[in-house]
Amino acid sequence: MKVTDLAAHRDEYPMSTFSIVAFDPETRDLGVAVQSKFLAVGAVVPWARAGVGAIATQAWANTSYGPEGLDLLSRGMGAAAALECLISGDGGRDHRQVGMVDAAGRTAAYTGNQCFQWAGHIIGPNFTCQGNILVGQETVQAMAQAFTSSSGSLAQRLVAALAAGQEAGGDSRGQQSAALLVVRERGGYGGRGDRYVDLRVDDHPEPIRELGRLLGLFGLYFYKTEAKDLVPLEGAAALEVKGILSRLGYFQGTVDSRFSEDAKQALRAFCLKENLEERLRDDDLIDGVVLRFMRERYGARSRKKR
């Protein structure tokens, strides 16, 4: 990995930002995560299209870099060539900062020589980290280290990188907003569209922490059930689920360890009410994530806390 450090001396600057743009070669996901001392940074910086690429445009951001850059990538141009095409025709390029990755994992980044210090970027395999008006280069270095050493989904690794960057110093002007955009072919709600994860924290004292909380909720409501998480609806599990459904008024039958058809219908009604339809099943198994949700929010221990 190589750090590019470019700084200048402007009296004002509209957006102090750090971001990471990345590609997951296993899932083919593409994504951007960003934090800024700027209101609603998610409306400006992140751009991505499944099977094409992802772009972060920041500093004195030229938002046309997003759609125009993605169009260039969609025509088969690589990240470096597309980035060069964007900045070569922009008279304000000295004030721009851009990170880009294409659908082959090729990366490119640019930090204009008039970006306010500290400003620079790191390019690594399948990712690039960039920032301006930072405390120092430690921010992008920590982001790169966290991304390359972390595990989990691309979305989780992107947020981990943001958190590490903030811990290392982050924006010299503080925190305000954060955003996460991950695209996947047919990854949108109901298998339509490509906006797999699209979360924004527009104004918050700890936007990265809040973004992580929202990602946890997103996983609950929208991630698909994994085979390892399936729990048979029998014995103690059946008794526990029926007990919760009974207390909540979904189930009026006998609370025992046999999961009847009436209990299945009650569980279905509960899942639909709680927006857990993506994890709903029609067999004799329950998603363990749903079971934990029921236990933590409506179980015996939850009632004691109240």
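Overview of the structure. (Residues numbered from 1 in each chain as written. Predicted model: local features only at pLDDT ≥ 70, side-chain atom pairs only at ≥ 80, totals over all residues. Heavy atoms only, no water.)

## Focus: the nonpolar core
Alright, step 1. Core analysis: the biggest nonpolar cluster contains 32 residues, and Ile20, Leu158, Leu180 and Val197 have the highest contact counts within it.
Alright, step 2. Tallying contributions element by element places helix α4 (residues 154–167) first for this core, with six residues.
Alright, step 3. Residue contacts for Val197: discarding those within four places in its chain leaves Ala155, Leu180, Leu181, Val182, Leu215 and Phe218.
Alright, step 4. Core analysis: the second largest hydrophobic core is formed by 22 residues, Leu233, Phe251, Phe259 and Ile286 among them. (Core = buried A, V, L, I, M, F, W, Y, C linked by side-chain atoms within 4.5 Å. Buried < 20%, exposed > 50% of the residue type's maximum accessible area, 1.4 Å probe, protein only. Helix = DSSP H or I, 4+ residues; strand = E, 2+ residues; numbered from the N terminus. Contact = heavy atoms within 4.5 Å.)

## Side note on the sheet that holds strand β4 (residues 46–49)
Alright, step 1. Read across the sheet, four strands follow the order β4-β5-β6-β7 without closing on themselves; strand pairing throughout is antiparallel. Whereas interior strands pair on both sides, the edge strands pair on one side only; in this sheet they are β4 and β7 (107–111). Taking each pair of neighbouring strands and ignoring which way they run, the sheet shows an average axis angle of 5°.
Alright, step 2. Pairing between β4 and strand β5 (residues 53–59): four bridges, direction antiparallel. (Pairing = 2+ DSSP bridges. Axes fitted to C-alpha atoms, helices over the stretch in contact; angles between N-to-C directions.)

## Thoughts on the environment of Gly51
Alright, step 1. Note on placement: Gly51 falls in the loop between β4 and β5.
Alright, step 2. Among the residues examined, Gly51 registers a relative accessible area of 47% and is labelled partly exposed.
Alright, step 3. For Gly51 and Arg28, which are 23 residues apart along the polypeptide, the C-alpha to C-alpha distance reads 7.5 Å.
Alright, step 4. If we skip the residues at most four places from it in the chain, Gly51 touches Leu30, Ala103 and Glu185.

## Structural notes on the pairing of strand β3 (residues 30–36)
Alright, step 1. Of all the seven residues making up β3, seven are buried; the element is thus mostly covered by neighbouring parts of the structure.
Alright, step 2. Side chains Leu30, Val32, Val34 and Ser36 of β3 all project onto a buried face; the interleaved residues Gly31, Ala33 and Gln35 project onto the opposite face, where all are buried too.
Alright, step 3. Note that strand β2 (residues 17–23) and β3 share seven bridges and pair antiparallel. Its bridge partner being in β3, Thr17 is matched across the sheet by Ser36.
Alright, step 4. Remark: six residues form the turn of the hairpin made by β2 and β3, two consecutive strands paired antiparallel; Arg28 in that turn has positive phi of roughly 70°.
Alright, step 5. Where β3 and strand β10 (residues 177–183) come together, seven bridges link them in antiparallel fashion. Paired with Ser36 across the two strands is Ser177, which belongs to β10.

## Considerations on the pattern of salt bridges
Alright, step 1. If you walk through the whole model with that rule in mind, you get 17 salt bridges.
Alright, step 2. Between Arg268 and Asp282 there is a salt bridge, with the nearest N and O atoms lying 3.9 Å from each other. Taken together, the residues Arg268 in helix α7 (residues 261–273) and Asp282 in the loop between α7 and β13 (285–287) connect sequence positions 14 residues apart.
Alright, step 3. Arg268 sits in the partly exposed class, given a relative accessible area of 35%.
Alright, step 4. You can call Asp282 exposed: its relative accessible area is 70%. (Salt bridge = Lys/Arg side-chain N within 4 Å of Asp/Glu carboxyl O.)

## Description of α7
Alright, step 1. Between its first and last C-alpha, α7 extends 18 Å over 13 residues, near the 18 Å set by a 1.5 Å rise per residue.
Alright, step 2. If you check which residues of α7 are buried, you get Ala263, Ala266, Leu267, Phe270 and Cys271. One side of α7 holds all its buried residues, which, seen down the axis, span an arc of 135°. With respect to the buried face of α7, the exposed residues turned more than 90 degrees away are Asp262 and Lys273.
Alright, step 3. On the buried face of α7, the contacting elements are α6 (235–247), β13 and α8 (288–298). (Expected span 1.5 Å × (residues − 1). Arc of directions from axis to C-beta.)

## Some thoughts on unusual backbone geometry
For residues besides glycine, phi is generally negative; the peptide bonds are generally trans as well.
Alright, step 1. Look at the link from Gln117 to Trp118: it is a cis peptide, with omega at -10°.
Alright, step 2. You can see Trp118 is positioned in the loop between β7 and β8 (120–124).
Alright, step 3. In this structure, Ala59 takes a positive phi of about 65° despite not being glycine.
Alright, step 4. Here Ala59 shows up in strand β5.

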